[in-house]
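Breakdown of the fold
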Amino acid sequence: MYQRFNRWCWDGAWERLFEALSHDPDFEYALVDSIIVRADQHSGGSQKIRRSEDRFEAHALGRSNGGLSTRIHAATDTLGSPTRFILTRGERDDIALIEPLLDGLIARCVLADKGHDGQRAMNAIAATGAKPGGPPRTKTAEWCSFDAIIYKCRDLIERLFSEIKHFCRIATRCEKLARTCTCFLNLVAALKWRR
């Protein structure tokens, strides 16, 4: 069973399934956030993988006080349906992948939390032609607008994270390879679009 799943990962079947079902997103505004998932003790792999920090980067595994972890960066449409996932090491910050998350998305507004408040995020949002819709930190309050009414819809991405963490293979990151973990995310996202 795993061999077939892995073969479909290499062929890009899960990615194509996700793209086919998410072909018509509603981008009045886009939601961006990230979440950390703890990695299972066996996902670190062999001694060779554990010793090489490059391998950890390639497999999106990071060390912290809680052990191995992975951060899932996600973008959704207005209805909270997933449009894009990117995996990084658990210790990476929220703003690290704002550019690839927003690349090609055309939205009127981008809703993000305070973890995405910074010049890098504002430049990435402006490059898409959208306006920021998240609450500013006190040191950036003078140049960032905030619409509290629209921001109430940001709970949709939090609900998405809650839903995908119902799947044990994602909630505990059982996969050794970032490729197979991403394929599981694509499968779960495709199921979300089917509802």
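The coordinates are above.
Below: a short report on this structure.

What counts, and at which threshold
Residues numbered from 1 in each chain as written. Predicted model: local features only at pLDDT ≥ 70, side-chain atom pairs only at ≥ 80, totals over all residues. Heavy atoms only, no water. 1 Å grid on protein atoms, 1.4 Å probe; cavity = no way out; pocket = protein on both sides within 12 Å on 5 of 7 lines; lining within 4 Å. Points joined across faces, edges and corners; volume = space filled by probe spheres on them. Helix = DSSP H or I, 4+ residues; strand = E, 2+ residues; numbered from the N terminus. Nonpolar A, V, L, I, M, F, W, Y, C, P; charged D, E, K, R; others polar. Axes fitted to C-alpha atoms, helices over the stretch in contact; angles between N-to-C directions. Parallel < 35°, antiparallel > 145°, perpendicular 65-115°, else oblique. Contact = heavy atoms within 4.5 Å. Salt bridge = Lys/Arg side-chain N within 4 Å of Asp/Glu carboxyl O. Buried < 20%, exposed > 50% of the residue type's maximum accessible area, 1.4 Å probe, protein only.

Take the layout of surface pockets next. With a probe scaled to a water molecule rolled over the atoms, the places where space remains empty come into view. Here the largest pocket defines a volume of roughly 160 Å³. Surrounding the largest pocket, Cys9, Gly12, Trp14, Glu15, Phe18, Thr83, Arg84, Phe85, Arg179, Thr182, Cys183 and Asn186 form its lining. Residue assignment for the lining of the largest pocket shows that the elements contributing at least two residues are helix H2 (13-21), strand S4 (82-89) and helix H10 (178-194). A per-element tally of the lining of the largest pocket places H10 first, with 4 residues. In the lining of the largest pocket, the residues fall into 5 nonpolar, 4 polar and 3 charged.

Tallied over the full model, the rule gives 2 cavities of 30 Å³ or more. Within this model, the largest cavity holds a volume of roughly 70 Å³. Taken together, 12 residues make up the lining of the largest cavity; nearest its centre are Ala112, Asp113, His116, Met122 and Gly134.

Now for the packing of helix H1 (residues 2-11) against H10. Two quantities define a packed helix pair, namely the angle between the axes and the distance from one axis to the other. The interhelical angle for the contact between H1 and H10, taken along N-to-C directions, is 90 degrees, at an axis separation of 10 Å. Put simply, H1 runs roughly perpendicular to H10. Residue-level inspection shows Tyr2, Phe5, Asn6, Cys9 and Trp10 of H1 in contact with H10, the latter providing Arg179, Thr180, Cys183 and Phe184.

The next point concerns the environment of Leu87. Note on placement: Leu87 falls in strand S4. When the C-alpha atoms of Leu87 and Thr182 are compared, they prove to be 7.3 Å apart, with 95 residues separating the residues in sequence. Those residues within four positions of Leu87 in sequence are excluded, and the remaining contacts are Ala60, Thr70, Arg71, Ile72, Ala178, Cys181, Thr182 and Leu185.

This next bit is on the pattern of salt bridges. For the coordinates displayed, the defined rule picks out 9 salt bridges. Two residues, Glu163 and Lys192, come together in a salt bridge whose shortest N-O distance is 3.3 Å. Here Glu163 is found in helix H8 (residues 155-164), whereas its partner Lys192 is found in helix H10, with 29 residues between them in sequence. Put simply, Glu175 and Arg169 hold a salt bridge, and the shortest N to O gap is 2.5 Å. On the basis of relative accessible area, Glu175 is assigned to the buried category, the value being 4%.

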